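Summary of structural features
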Amino acid sequence: MAESATTRPHWASRLGFVLAAAGSAVGLGNIWKFPYITGENGGGAFVLVYLGFILLIGLPIMMAEFLIGRHGQKDAVGSFIVLEGARSPWRFVGWAAVAASFLLLSFYAVVAGWSFDYIVKAATGAFSGRSAEEISALFGGLVSNPVKVIFWQLLFLATTCVIVLGGVRGGIERWSKILMPALFFLLLLLFVRGMFSPGAERALAFMFSPDFSALTPTSLLDALGHAFFTLSLGAGTMITYGSYLEKDVDLFPLALRITILDTMVALLAGLAIFSIVFAAGLEPGAGPGLVFQTIPIVFVGLPFGALLAVLFFVLLSFAALSSSISMLEVSVAYLIDEKGWTRLKSTVLLGAGAFLVGLPCALSFNTWSEVTILFGRNFFDAYDLLVSSYMLPLGGLLASIYAGWFWQEGEEKSELVGEVERPWLYPLWHFLVRYLAPVAVIMIILNQTGVLG
Ligand code: TRP
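A brief report on the enclosed structure follows. Predicted, not measured: the structure shown is a model, and the values here were computed from it. Residue indices follow the written sequence of each chain, beginning from 1 at its first position. Totals for whole chains, interfaces and linings use every residue, but because this is a predicted model, local features are given only for residues with pLDDT of at least 70 and side-chain atom pairs only at 80 or more, for both listing and counting. Side-chain numbers come from the whole structure's heavy atoms, not from hydrogens or water.

1. Structural notes on the packing of helix 2 (residues 28-40) against helix 14 (residues 305-339)
Every angle, taken between N-to-C directions, lies between 0 and 180 degrees, and every axis is a line fitted to C-alpha atoms, over only the stretch in contact when it is a helix. By the criteria applied, helices consist of DSSP H or I runs no shorter than four residues and strands consist of E runs no shorter than two, each listed in order from the N terminus. Packing of helix 2 against helix 14 brings their axes to within 8 Å, and their N-to-C directions diverge by 115 degrees. With respect to helix 14, the axis of helix 2 lies roughly perpendicular. Residues Leu 28, Ile 31 and Trp 32 of helix 2 touch helix 14, and the partners they reach there are Phe 312, Leu 315, Leu 316, Ala 319 and Ala 320. All residues other than Ala, Val, Leu, Ile, Met, Phe, Trp, Tyr, Cys, Pro, Asp, Glu, Lys and Arg, Gly among them, are scored as polar; the first ten of these are nonpolar and the last four charged. Considering only residue class, the contact of helix 2 with helix 14 consists of eight nonpolar, no polar and no charged. Angle categories: roughly parallel below 35 degrees, roughly antiparallel above 145, roughly perpendicular from 65 to 115, and oblique for all the rest. Only heavy atoms enter the contact rule, under which two residues are in contact if any of them lie within 4.5 Å.

As structure tokens, this is what we get:
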């Protein structure tokens with residue numbers, strides 16, 4: 001595909017864009033991370049705070065990222081250069097986004113690799129006839145085996161590279177059209193199954209009746225970081241995807257749809273998983289292993305359980321792929337647009353780089369389980385903390401400060417489109433990115449680091 005500045009590729013259709021951006025947003029974050037951090041943070045109150053952050057901070061910042069990318073028609077760095085000039089310090093925000101998405105990919109591929117392994121486990125009947133303890137032990141058996149974990153990590157990254165190599169339309173858009181509907185279908189099936197199980201009532205109560213005493217400063221940072229994580233914000237993804245959009249597209253309804261889709265998937269996944277967890281008398285706060293250690297146990301006792309387990313991990317892997325391609329695309333687009341590299345060279349080198357950088361994460365549960373960095377955390381937890389809790393919120397914060405304080409109002413307004421039908425939109429959005437989002441992000445980070453006492 002020719003990708004010079006004059007023939008920048010664009011999405012084939014609006015639906016294609018929505019599917020690709022929603023495919024980026026919906027991922028391990030919704031199905032692996034959201035349920036386990038909700039479980040760890042006590043349920044209802046955390047969910048409520050998270051929903052508030054999604055609506056008041058996430059959605060406005062998603063709009064800001066789309067607008068910046070669509071205006072620049074370039075990668076995350078190039079878009080800031082188009083807006084502010086080649087010497088502008090704003091280009092560092094773009095670089096930080098490229099770095100964040102690359103680090104995130106290297107970490108993400110490890111977890112996604114576990115999901116690949118579980119497809120094989122489920123398909124070969126590894127769970128059938130086993131007790132809960134035996135099934136839980138399978139997870140430890142997998143992550144403690146460096147060769148297996150690295151094999152799946154590599155395979156996942158290679159798959160991601162192959163899709164990204166296809167380019168924007170051929171690769172990302174075409175795949176999202178297949179992956180997203182499949183995902184919804186499978187998830188709905190699991191959700192309905194969960195709602196007919198005896199755990200449905202407790203799951204609903206756990207997720208929707210808030211107990212605010214369960215919230216700590218760390219829960220707030222977790223909820224904030226997760227709002228960025230789940231909407232793919234703060235790492236240049238939405239800037240890059242926005243840059244493949246035509247000028248006349250009215251973005252607000254699309255951003256709203258993507259946000260609603262993402263939130264629905266997280267809530268459906270949470271309800272499905274918790275109803276199953278409660279029906280089987282399991283622990284909601286089981287931690288990062290929650291999905292892998294509990295889902296298979298529950299499936300064993302269900303009719304068509306083996307098939308459902310395969311479907312579940314296929315779904316999880318699909319979701320992870322449509323997210324990982326969006327992470328890789330950020331740095332691939334940067335090398336193509338700014339350094340003039342070919343798509344092939346950029347993709348192969350970045351894929352290999354992400355593999356090497358991710359290796360310490362893959363080794364965190366085995367060979368290097370004793371190695372700690374960053375306040376006693378292993379590499380895996382340290383990467384997650386650094387990227388999810390700090391880099392993403394800071395990246396999003398800077399994008400919102402740019403849109404709220406530095407972007408020329410006339411330019412910004414005209415980029416928003418749809419001004420006539422929705423005169424309230426610009427003032428509302430501008431207020432949120434100018435005041436609410438930056439103040440909230442800064443306060444939550446200071447609160448966590450203890451500066452606010
Ligand atoms: N949103 C995805 C998920 O929930 C992960 C993701 C993809 C992401 N691209 C991103 C997160 C960019 C932050 C930034 O799994």
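So that's the structure; there's more coming.
2. Let's talk about the pattern of salt bridges
When the charged atoms of two side chains with opposite charge come close together, those side chains can pair. When a carboxyl oxygen of Asp or Glu is within 4 Å of a side-chain nitrogen of Lys or Arg, the pair counts as a salt bridge. For the structure on display, the rule yields seven salt bridges. Of the charged contacts, one joins Lys 33 and Asp 384 as a salt bridge, the two residues approaching to 3.0 Å between their closest N and O atoms. Of this pair, Lys 33 sits in helix 2 while Asp 384 sits in helix 16 (residues 379-406), placing them 351 residues apart in sequence. Here Lys 33 and Asp 384 have matching classes, each one buried. Connected through shared salt-bridge partners, Arg 70, Lys 247 and Glu 415 make up one network. The buried label goes to any residue with under 20% of its type's maximum accessible area, the exposed label to any with over 50%, and the partly exposed label to all in between, with areas taken from a 1.4 Å probe on protein chains only.

3. Describing the environment of Val 310
Assignment of secondary structure puts Val 310 in helix 14. The spacing of Val 310 and Ala 123 is 187 residues in sequence and 5.8 Å in space, taken between C-alpha atoms. Not counting residues up to four positions away in its chain, the partners in contact with Val 310 are Ala 122 and Ala 123.

4. Digging into helix 2
Over its 13 residues, helix 2 runs 17 Å from end to end, which matches the ideal 18 Å to within 8%, given 1.5 Å per residue. Remark: the principal bend of helix 2, roughly 35 degrees, maps to Phe 34, with a proline, Pro 35, within the next four residues. Counting buried positions along helix 2 yields 12 of 13 residues, so the element is predominantly enclosed. Within helix 2, the full set of buried residues consists of Leu 28, Gly 29, Asn 30, Ile 31, Trp 32, Lys 33, Phe 34, Pro 35, Tyr 36, Ile 37, Thr 38 and Gly 39. Expected helix span is given by 1.5 Å per residue-to-residue step, counting one fewer step than there are residues. What we call the bend at a residue is the angle made by axes fitted to the seven residues finishing there and the seven residues starting there.

5. Description of the site of the ligand
Taken together, 18 residues are adjacent to the ligand, and Ala 25, Gly 29, Tyr 108, Phe 229 and Ser 232 come closest. Each polar contact in these results corresponds to two N or O atoms within 3.5 Å; when the atoms are within protein, one needs to be able to donate a hydrogen and the other to accept it, and residues that are neighboring in sequence are counted only if both atoms are side-chain atoms. Within the backbone of Ser 24, an N or O atom sits 3.1 Å from a nitrogen atom of the ligand. One of the side-chain nitrogen or oxygen atoms of Ser 326 is found 3.2 Å away from a nitrogen atom of the ligand. For every accessible area listed, the method is Shrake-Rupley and the probe measures 1.4 Å; residues are considered covered only by the protein chains on display. When the ligand is considered free in solution it has 360 Å² of accessible area, and contact with the protein chains removes 100% of it. Listing elements by their share of the shell around the ligand, those giving two or more residues are helix 1 (14-25), helix 2, helix 5 (90-123), helix 10 (217-230) and helix 14. Among the residues forming the shell around the ligand, the class breakdown is nine nonpolar, nine polar and no charged. Working definition: residue near molecule or strand if any one of its non-hydrogen atoms lies within 4 Å of it.

6. A word on the packing of helix 14 against helix 15 (residues 343-362)
Axis separation between helix 14 and helix 15 bottoms out at 9 Å; the angle between their running directions is 135 degrees. Accordingly, the angle class assigned to the pair helix 14 and helix 15 is oblique. The crossing of helix 14 and helix 15 is right-handed. In this structure, helix 14 contributes Leu 328, Glu 329, Ser 331, Val 332, Leu 335 and Ile 336 to the contact, and helix 15 contributes Arg 343, Ser 346, Thr 347, Leu 350 and Gly 351. Here the contact of helix 14 with helix 15 is composed, by residue class, of five nonpolar, four polar and two charged. Crossings are assigned a handedness: left-handed for a near helix turned anticlockwise from the far helix by less than a right angle, right-handed for a clockwise turn.

7. Describing the nonpolar core
Put simply, buried Ala, Val, Leu, Ile, Met, Phe, Trp, Tyr and Cys residues joined by side-chain atoms within 4.5 Å make one nonpolar core. Among the nonpolar cores identified, the biggest contains 156 residues, and Phe 17, Ile 57, Phe 66, Trp 114, Ile 258, Phe 292 and Phe 312 are the most heavily contacted of them. No other element matches the 19 residues that helix 5 contributes to this core. Residues in contact with Phe 17, not counting those within four places in the same chain, are Trp 11, Phe 66, Glu 173, Tyr 241, Leu 245, Leu 251, Leu 254 and Ile 258.

8. Observations concerning helix 10
Compared with the 20 Å implied by 1.5 Å per residue over 14 residues, the 20 Å span of helix 10 between its first and last C-alpha is a close match. In terms of burial, helix 10 is largely enclosed, as 10 of its 14 residues are buried. Listed as buried for helix 10 are Ser 219, Leu 221, Ala 223, Leu 224, Gly 225, His 226, Ala 227, Phe 228, Phe 229 and Thr 230. Immediately beyond the C-terminal end of helix 10, within one or two residues, lies Ser 232, with a positive phi of roughly 60 degrees.

9. Considering the environment of Thr 237
Looking at the secondary structure, you find Thr 237 in helix 11 (residues 237-243). Sequence-wise, Thr 237 and Leu 328 are 91 residues apart; in three dimensions their C-alpha atoms are separated by 8.9 Å. If we skip the residues at most four places from it in the chain, Thr 237 touches Ser 24, Glu 65, Ser 232, Ser 326, Met 327 and Val 330.

10. As for unusual backbone geometry
Even without a glycine there, the phi angle at Gln 73 is positive, about 55 degrees. The exposure class of Gln 73 is buried, given its relative accessible area of 18%. With phi around 60 degrees, Ser 232 is a residue other than glycine that occupies positive phi space. Secondary-structure assignment places Ser 232 in the loop between helix 10 and helix 11.

11. Some thoughts on the packing of aromatic side chains
Any Phe, Tyr or Trp ring, taking Trp's six-membered ring, that has another such ring centre within 6.5 Å forms a pair; planes under 30 degrees apart are called stacked, those over 60 apart edge-to-face, and the others tilted. Applying the stated criterion across every chain, the model contains 37 aromatic pairs. The interplanar angle of 15 degrees and the centroid separation of 6.2 Å between the aromatic rings of Phe 80 and Trp 90 together place this pair among those described as stacked. Here Phe 80, found in helix 4 (residues 76-84), pairs with Trp 90, found in helix 5; they are 10 residues apart in sequence, far enough to count as distant. With respect to burial, Phe 80 and Trp 90 carry one shared label: buried. By definition here, charges over rings are those cases where NZ of Lys or CZ of Arg is within 6 Å of the ring centre and within 35 degrees of the ring normal. The aromatic ring of Phe 92 is capped on one face by Arg 91, whose charged end is 4.8 Å from the ring centroid.

All we've got here are geometric facts, nothing functional implied.
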